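Close look at the chain arrangement
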Protein chains: 2
Amino acid sequence: MIEDLGRAMIEALEEDIREKFRRSGYTLTSQRRAVLDALEEAGGHPSTEDVYLIVKQKNPRVALGTVYQALSVLEEIGVITSKHWAESPTRYDLNVRPHLDIRCTRCSQVSEVPGVELGNLESQIRQNTPYEVQSTTLVVEGLCPNCQKG
Amino acid sequence: MIEDLGRAMIEALEEDIREKFRRSGYTLTSQRRAVLDALEEAGGHPSTEDVYLIVKQKNPRVALGTVYQALSVLEEIGVITSKHWAESPTRYDLNVRPHLDIRCTRCSQVSEVPGVELGNLESQIRQNTPYEVQSTTLVVEGLCPNCQKG
DNA sequence: TGCAAAACAGGAACGGTTATTGATCGAGGA
DNA sequence: TCCTCGATCAATAACCGTTCCTGTTTTGCA
Ligand SMILES: [Mn+2]
Ligand SMILES: [Mn+2]
Ligand SMILES: [Zn+2]
Ligand SMILES: [Zn+2]
């Protein structure tokens, strides 16, 4: 789980991040670096607002729009990914490998679900539609352990 | 596909609809009937706005808020279902049986994908998360045949 | 037919996101 | 090192889909 990676791992990824910026032509500005750091600090799957609040702690001058734009650039160059759940803002993830996340319908906490195998699902879909399939995403919701007690 | 059902089938469902209203305590008002008719007329998987525009043709006094509320009631009592795709408004469906829909990322047209078997996916998920799973939805996007030519 | 409850029309407000504009930054060349 | 110009940024307005609010109309029911 990305939550457990910690600073050491982030620094191991450092060179990869620089490489992606270099290849894209975008510049790794202090704001984009701050957004990346905030994503790490947030730990889980923060919304833009979550990231904004963390970034503002260290640099109160940063604008919300800048965070939106930074996240969009970071996603475009493959440094982060995003996921959408209904009735919830977009959430971002340092884990760019395909994986399953579940969101609590009560407190919005997102956790990763390991060991789920989608099998031949995508090829099944391709065989049964004339559409050119671009993405198939499994959106899972439920009650987190904490909220089950309530 | 619900698009091919036509008026005969809708009238066959008529009694079922009345029954669901009766059991829920909601009343089948003229506006809710108009929304239902509009869903049928729209044919596919219309958004609230789509439904609103059709309803307004016959009754220009109906308010957009009323359409939102009517669709919400119809969904609550199980007469219709809704689905969400990222970057697209909620879409409604007269087909209340579990099934797969794919949305075109270019023109937003939604079509149903038959013959896809999810298998033990949900039980796999339940085994790998402490969350109490409430819903797992497969969200599929692609390019429809028309838009592939463009 | 009369009354309370439900539903409605119209419009304001809302949350998340994108667009616009002018100021600032910073990489690369003189 | 200093300039320059495109990239980025801050601030704020606008946008879109949706919900909420208020006063009015309709409905089911006694
Ligand atoms: Mn994740
Ligand atoms: Mn459908
Ligand atoms: Zn929870
Ligand atoms: Zn299309």
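Each remark here, short or long, concerns the structure printed above.
What counts as what
- Just so you know, the residues in each chain are numbered from 1, in the order the chain's sequence is written.
- Chain labels run from A onward and ligand labels from 1 onward, assigned in the order the entries are written.
- Only residues with pLDDT of 70 or above have their local features reported here, since the model is predicted, and side-chain atom pairs are shown and tallied only from 80 upward, although totals for entire chains, interfaces and linings are computed over all residues.
- The side-chain figures draw on all heavy atoms in the structure; neither hydrogens nor water molecules are used.
- We count a stretch as a helix when DSSP gives it H or I for four or more residues in a row; a strand needs E for two or more, and each element gets its number in order from the N terminus.
- Classification of residues uses two cut-offs on accessible area relative to the type maximum, computed with a 1.4 Å probe and protein chains only: under 20% is buried, over 50% is exposed, and between them is partly exposed.
- Polar contact is defined as a pair of N or O atoms within 3.5 Å, subject to the rule that within protein one atom must be able to donate a hydrogen and the other to accept it, and that residues adjacent in sequence are counted only when both atoms are side-chain atoms.
- Residues count as neighbours in contact if any of their non-hydrogen atoms are within 4.5 Å of one another.
- The copies were overlaid with a least-squares fit restricted to C-alpha atoms from residues scoring a pLDDT of at least 70 in each copy.
- Every axis corresponds to a line fitted to the C-alpha atoms, with the helix fit spanning only the stretch in contact, and the corresponding angles, defined between N-to-C directions, vary from 0 to 180 degrees.
- We call two directions roughly parallel when the angle between them is under 35 degrees, roughly antiparallel when it is over 145, roughly perpendicular when it lies between 65 and 115, and oblique otherwise.
- Side-chain classes follow a simple rule in which Ala, Val, Leu, Ile, Met, Phe, Trp, Tyr, Cys and Pro form the nonpolar group, Asp, Glu, Lys and Arg form the charged group, and the remainder, Gly included, forms the polar group.
- A cutoff of 4 Å decides nearness: a residue is near a molecule or strand if any of its heavy atoms lies inside that distance of it.
- What makes a crossing left-handed is the near helix being turned counterclockwise from the far one by less than a right angle; a clockwise turn instead makes it right-handed.
- Counted as donors are N, O and S atoms no farther than 2.8 Å from the metal, or 3.2 Å for Na, K and Ca; water is not among the atoms, and sites may therefore look incomplete.
- Any site counts as irregular unless it has four donors with all angles between 85 and 135 degrees, making it tetrahedral, or four or six donors with opposite ones more than 155 degrees apart and the rest between 65 and 115, making it square planar or octahedral.

Once that is clear, we can look at the side chain of Gln124 of chain A. Topologically, Gln124 of chain A is positioned in helix α5 (residues 121–127). A relative accessible area of 13% means that Gln124 of chain A is categorised as buried. A distance of 2.7 Å separates the side chain of Gln124 of chain A from the backbone nitrogen of Glu117 of chain B, its partner in a polar contact. Apart from residues no more than four positions distant in its own chain, Gln124 of chain A is found in contact with Gly115, Val116 and Glu117 of chain B.

Note on the copies: chain B fits chain A at an RMSD of 0.1 Å, the axial shift is 0.0 Å, and the rotation between them is 180°. What the superposition gives is, in effect, a two-fold axis relating one chain to the other. The rotation axis passes nearest to the C-alpha of Leu138 of chain B in chain B, at a distance of 2.3 Å.

All names here are of chain B. At a closest axis distance of 9 Å, the pairing of helix α2 (residues 30–42) and helix α4 (residues 64–76) adopts a crossing angle of 80°. Viewed along their axes, α2 and α4 adopt a mutual orientation that is roughly perpendicular. Across from Gln31, Arg32, Val35, Leu36 and Leu39 in α2, the residues of α4 making contact are Thr66, Val67, Gln69, Ala70, Leu71, Val73 and Leu74. Classifying every residue of the contact of α2 with α4 gives eight nonpolar, three polar and one charged.

In this section: the protein's contact with DNA strand D. Within the structure, DNA strand D sits among 16 residues, and Thr29, Thr66 and Gln69 of chain A together with Tyr68 and Thr90 of chain B are positioned closest to it. Within 4 Å of the protein, the atoms of DNA strand D are drawn from sugar and phosphate moieties in a proportion of 87%. The separation between a phosphate oxygen of DNA strand D and a polar side-chain atom of Arg32 of chain A is 3.1 Å. Here a phosphate oxygen of DNA strand D sits 2.9 Å away from a polar atom, N or O, in the side chain of Thr90 of chain B. For the surface near DNA strand D, the secondary structure elements donating two or more residues are α2 (30–42) and α4 (64–76) of chain A together with α4 of chain B. Split into classes, the residues belonging to the surface near DNA strand D amount to six nonpolar, eight polar and two charged.

Another aspect to go through is the packing of α2 of chain A against helix α3 (residues 48–58) of chain A. Residue and element names in this part refer to chain A. Between α2 and α3, the shortest axis-to-axis distance is 9 Å and the interhelical angle comes to 115°. By the angle between their axes, α2 is roughly perpendicular relative to α3. The two elements α2 and α3 cross, and the hand of that crossing is right-handed. Facing α2, whose interface residues are Ala34, Val35, Ala38, Leu39, Glu41 and Ala42, α3 presents Val51, Ile54, Val55, Gln57 and Lys58. Partitioned by chemical class, the residues of the contact of α2 with α3 number eight nonpolar, one polar and two charged.

All names here are of chain A. Protein coordination of the manganese ion (ligand 1) is provided by His45 (NE2), Asp93 (OD), His99 (NE2), Asp101 (OD), Asp101 (OD) and Glu112 (OE), with donor distances spanning 1.9 to 2.5 Å. Coordination at the manganese ion (ligand 1) is irregular: its six donor atoms span angles of 52 to 178° at the metal. Positions of the donor residues of the manganese ion (ligand 1), expressed as sequence spacing, correspond to H-x47-D-x5-H-x1-D-x10-E.

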